[in-house]
Amino acid sequence: MDFQELNNDQRREVVNSQQRFQALRDAKEAYDAHRGSLTWTESKGHEYLVRSYYDKAGLRKQSSLGTRSAETEKMKVDFEAKRAAAENRLRNLRDTMDRQAAVNRALGLGRVPLIGARIMRALDGFGMLGSGIRILGTNAIYAYEASSGVRIDPGLATTEDIDLLFDARGGLTFVADDDVSESSLLKILQRVDTSFERAKQTFRAVNRDGYLVDLIKPMQSPPWKKAPDKIGSDPEDLTAVQIEGLDWLQNSPAFEATAIDEKGEPVRIVAPDPRVWAAHKLWLSRRADREPLKRQRDAAQAEAVGALVANYLTHLPFDAEQLKMLPKEVVDSAEPLFAKRDTAARA
């Protein structure tokens, strides 16, 4: 398996990107904690300090913090000072990330296709990525190689679609912003690209360029048990299609990484454990009902990710005890993928 290792300059800037991106996320969280406003409202001859904000369901709320007094006046001053400081820090870090993105572009670090990266950011912004939604399919490879510090064959990572694994077991709560609260995956996609629309297959959205977004979920067990198949309550939203074998990926540990998109900007990806991902891909490659061209690509991708795990992600050993979510025959079949091997790595 031929991997292209990052050179020293690239490694340094990848680390810088990851650290600055985390600082930006922390600053955004601090800023969000001070969103909304504190205002004085008069009622029945008294002034009250009122906090206006959006709750996690996207509904605008107001709560009284008490009548006007020295204490509530100080509360308002402190809140506005902290909000201004958080806004200033967020602005500065965004400027820093803009400069970092230019460095990343110059070093050729961009990997994740721009449309896919924008979709993942939108899902992350609404609190869905890693909490109800995981990234499957080819896009997951960008998370695995980003953590490995190498690149695989571009032909194995190129994709014109994105698969979203919908896990409704723990419920899914949207994080609203001050502009609008979306309760529909399709509306979120249309924020990324207004040309997205639901295809004839109700689990799929497609844009004017033919980029596909599929919402998928494991087979229901038992079949008669009811479970959500939509992100929100909009009847026109995408409806997740049930696919065999996805319960293995749903039950696997989450794997989180920061990759870099084609514009040099970091993007958070939450995917299944790469060991389970590779084993599932190998299983797909051996299914008689799978299209021949897809089977060949599945097998090549499984081999590549297996080699990444064996040679770079050594903190993830192939341990059957850690892979109990997979059937034994799938584990046994996949074991050769994770044998440590010589790689023709080059800088």
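Placed above this text is the structure.
Residues numbered from 1 in each chain as written. Predicted model: local features only at pLDDT ≥ 70, side-chain atom pairs only at ≥ 80, totals over all residues. Heavy atoms only, no water.

**Some remarks on the overall build of the protein**
Step number 1: Along the backbone of the protein there are 10 helices and 13 strands.
Step number 2: Each principal axis of the C-alpha distribution contributes one length, and for the protein these read about 75 × 55 × 45 Å.
Step number 3: Per-residue burial over the protein gives 46% buried out of 347 residues.
Step number 4: For the protein, the accessible area works out to roughly 17600 Å², and carbon and sulfur atoms hold 48% of it.
Step number 5: Of the side-chain charges in the protein, 52 are positive and 53 negative, and the distance between the mean point of each set is 2 Å. (Helix = DSSP H or I, 4+ residues; strand = E, 2+ residues; numbered from the N terminus. Buried < 20%, exposed > 50% of the residue type's maximum accessible area, 1.4 Å probe, protein only. Areas by Shrake-Rupley, 256 points an atom, 1.4 Å probe, with all protein chains shown as cover. Lys, Arg positive; Asp, Glu negative; His and termini not counted. Charge placed at Lys NZ, Arg CZ, Asp CG, Glu CD.)

**Details of the environment of Pro274**
Step number 1: Looking at where Pro274 falls in the secondary structure, it is placed in helix H8 (residues 274–285).
Step number 2: A relative accessible area of 0% means that Pro274 is categorised as buried.
Step number 3: On a C-alpha basis, the gap between Pro274 and Val309 in space is 7.3 Å, while along the polypeptide they are 35 residues apart.
Step number 4: With residues near it in sequence (within four places) discarded, Pro274 still touches Tyr144, Phe255, Val305, Val309, Leu313 and Leu316. (Contact = heavy atoms within 4.5 Å.)

**Observations concerning empty space enclosed by the protein**
Step number 1: Within the structure shown, the criterion is met by 1 cavity of 30 Å³ or more.
Step number 2: Approximately 170 Å³ is the volume found for the largest cavity.
Step number 3: Along its surface, the largest cavity is lined by 13 residues, and Leu6, Val14, Leu109, Arg111 and Ala146 are the ones closest to its centre.
Step number 4: When residues of the lining of the largest cavity are traced back to their parent elements, those giving at least two are helix H4 (140–148), strand S6 (150–151) and strand S12 (254–260).
Step number 5: Split by residue class, the lining of the largest cavity holds 8 nonpolar, 2 polar and 3 charged. (1 Å grid on protein atoms, 1.4 Å probe; cavity = no way out; pocket = protein on both sides within 12 Å on 5 of 7 lines; lining within 4 Å. Points joined across faces, edges and corners; volume = space filled by probe spheres on them. Nonpolar A, V, L, I, M, F, W, Y, C, P; charged D, E, K, R; others polar.)

**Structural notes on the pairing of strand S7 (residues 161–166)**
Step number 1: Where strand S5 (residues 133–136) and S7 come together, 4 bridges link them in antiparallel fashion. What sits directly across from Ile133, in S7, is Phe166.
Step number 2: Two elements, S7 and strand S10 (residues 212–218), share 5 bridges in a ladder whose sense is parallel. The residue bridging Ile162 from the neighbouring strand is Val213, located in S10. (Pairing = 2+ DSSP bridges.)

**Remarks on unusual backbone geometry**
Most peptide bonds adopt trans geometry, and most residues besides glycine take a negative phi value.
Step number 1: If you check the backbone angles, Lys44 has positive phi at about 55 degrees while not being a glycine.
Step number 2: Within the secondary structure, Lys44 sits in the loop between strand S2 (37–43) and strand S3 (46–54).
Step number 3: Here Lys44 falls in the exposed class, since its relative accessible area comes to 81%.

**Section: the pattern of salt bridges**
Step number 1: The final tally for this structure, using the stated rule, is 28 salt bridges.
Step number 2: Asp261 is paired through a salt bridge with Arg121; the nearest N and O atoms lie 2.7 Å apart. Highlighted residues: Asp261 in the loop between S12 and strand S13 (266–272) and Arg121 in helix H3 (residues 114–125), separated in sequence by 140 residues.
Step number 3: Accessibility expressed as a relative area gives 0% for Asp261, which makes it buried.
Step number 4: Of the charged contacts in the structure, one is a salt bridge between Asp289 and Arg287, with a shortest N-O distance of 2.9 Å.
Step number 5: A relative accessible area of 56% means that Asp289 is categorised as exposed.
Step number 6: Here the salt bridges share partners, and the residues they tie into one network are Arg25, Asp124, Glu256 and Arg268. (Salt bridge = Lys/Arg side-chain N within 4 Å of Asp/Glu carboxyl O.)

**Considerations on the packing of H8 against helix H9 (residues 292–311)**
When two helices pack together, their arrangement is given by the angle between the helix axes and the distance between those axes.
Step number 1: For the pair H8 and H9, interaxial distance at closest approach is 8 Å and the crossing angle is 155 degrees. When the axis of H8 is compared with that of H9, the two are roughly antiparallel. The chirality of how H8 crosses H9 is left-handed. Here Pro274, Arg275, Trp277, Ala278, Lys281, Leu282, Leu284 and Ser285 of H8 come into contact with H9, specifically with Arg295, Asp298, Ala299, Gln301, Ala302, Val305, Gly306 and Val309. (Axes fitted to C-alpha atoms, helices over the stretch in contact; angles between N-to-C directions. Parallel < 35°, antiparallel > 145°, perpendicular 65-115°, else oblique. Left-handed = near helix turned anticlockwise from the far one by under 90°.)

Keep in mind that these numbers describe shape and distance, not what the molecule does.
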